[in-house]
Amino acid sequence: MTDSAYKDHLGRPIVAVTGMGIITSLGQGLKDNWEALSSGTSGIHAINRFPTEGLSTRIAGTVDFIEIPVPNAVERSYAFARETTIEALADAGLSGDFNGPLFLAAPPIEPEWSARFELADRSPAADHPGDAYERFLTALRQRPDPAFHEAALFGAISERLADRFGTRGLPVTLSTACASGVTAIQLGIEAIRQGRTDRALTVATDGSLSAEALIRFSLLSALSTQNDPPTKASKPFSKDRDGFVIAEGAATLVLESLESAVARGAKVLGIMKGAGDKADSFHRTRSSPDGGPAIATIRAALADAGIDESGIGYINAHGTSTPENDKMEYGAMSAVFGERLVGIPVSSNKSMIGHTLTAAGAVEAVFSLQTMLTGTLPPTINYNNPDPSIVLDVVPNKKREAQVSAVLSNSFGFGGQNASLVMALEPA
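Each value, and the rule that gives it
Residues numbered from 1 in each chain as written. Predicted model: local features only at pLDDT ≥ 70, side-chain atom pairs only at ≥ 80, totals over all residues. Heavy atoms only, no water. Axes fitted to C-alpha atoms, helices over the stretch in contact; angles between N-to-C directions. Helix = DSSP H or I, 4+ residues; strand = E, 2+ residues; numbered from the N terminus. Parallel < 35°, antiparallel > 145°, perpendicular 65-115°, else oblique. Contact = heavy atoms within 4.5 Å. Nonpolar A, V, L, I, M, F, W, Y, C, P; charged D, E, K, R; others polar. Core = buried A, V, L, I, M, F, W, Y, C linked by side-chain atoms within 4.5 Å. Buried < 20%, exposed > 50% of the residue type's maximum accessible area, 1.4 Å probe, protein only. Pairing = 2+ DSSP bridges.

A. Fine view of the packing of helix α1 (residues 30-38) against helix α13 (residues 360-374). Two numbers describe how α1 lies on α13: the axes approach to 11 Å, and their chain directions differ by 75°. If you check the angle between α1 and α13, you find them roughly perpendicular. Here Leu30, Asn33, Trp34 and Leu37 of α1 lie close against α13, whose contacting residues are Val366, Phe367, Gln370, Thr371 and Thr374. The residue makeup of the contact of α1 with α13, split by class, is 5 nonpolar, 4 polar and no charged.

B. Just the nonpolar core, in detail. Counting 47 residues, the largest nonpolar core has Ile185, Leu253, Leu255, Met272 and Leu421 as the members making the most contacts within it. When residues of this core are assigned to their parent elements, the largest contribution, 7 residues, is made by α13. Look past the residues within four positions of isoleucine 185 in its chain and what remains in contact with it is Thr202, Leu253, Leu255, Met272, Ala362, Ala365 and Leu421. The next biggest cluster of nonpolar side chains, apart from the first, holds 27 residues, and it includes Ile390, Leu392, Ala406 and Val422.

C. Focus on the pairing of strand β9 (residues 270-279). A large share of β9 lies buried, amounting to 7 of its 10 residues. Inspection of the sheet shows strand β1 (residues 15-24) paired to β9 by 3 bridges, in the antiparallel sense. Bridging across to β9, alanine 16 finds its partner in isoleucine 271. Examined bridge by bridge, β9 and strand β15 (residues 417-424) share 8 bridges and lie antiparallel to one another. Note that in β15 the partner of glycine 276 across the bridge is serine 420.

This is the structure:
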């Protein structure tokens, strides 16, 4: 290849994906996940991690098959990230120190209430309520608790990953709500495009499902309450959708300049052609109903990729199954793609795996790349009662064989965090 063959339309290094790893409620590893997802299998089930009596939502996509030393969200999130990174590095043919930057999307979690109550029980009595924080510190000085301490540190997961895999420089931990996974990938893309590195490790993980998290989302009326059967609860773009199903998971992508990948004889799984992000200041949790920021995000990703709307053959939708978000996303896609939208397959992985929150953008990027690699479009399951106001080809209920060369993946998060990726099989 000539030097120009390694540059994109703006003269930047082309960014390749050379390794992928994934964990969801469907299982561990890309092979098992893809077989289940493409066959329309649901990973949603009744919660058994904590009691759910009296709760309006009693289902989730928890990941309970990875052993952890301490049952808290930090340990779960780290374990998921560790396992997907091991898989991705093996897929990329890399061993030893990674020697590139780490960008981690992690949930903005705090110690769970049960851990706080336990600490309070062994804290000295306070003279007045304002001394509570000092009581906690005194208890920890008297009997150090490394697990509790680590659960209170936002950067703990990335530091452990950096030590384990030999990444270079200060690891970056970020949280942009449900767009976090795409944001981590975007930072990796930019680092390679700017010539700061030849490779980047991008990881997104979320093991934060707890009773407290479930109750908080329930108070926002965001979760589905259709508990029976659990597998039927997530129904994106359907008329009877009533909320998302909270879930856990992780995904790791090894990003590398195409030139570096070719030079070492790496297998190129796909190309990160473009990324776009826009902030939405409409509301703390809701997206702007007119879809303006989402429209701008999709258009920014297409422009960054150097293609127009006609270049997209498949859309991996955010598709949460909430009444408002699905309607907003449909409006945004319609504004960008116009009449052509009805001819573009659009499916939601969340109908099967639930909403993996912080991890969602990276999980869905892995599935988007796999869609192109296999020539199989995964279905949107539970699509039995179409919403007449949302006219889409959602690949209803059964997979479809179709070869696409470019995919758009959307992630529209709480607090107005919007991000989209354009991925392709081959460079232009």
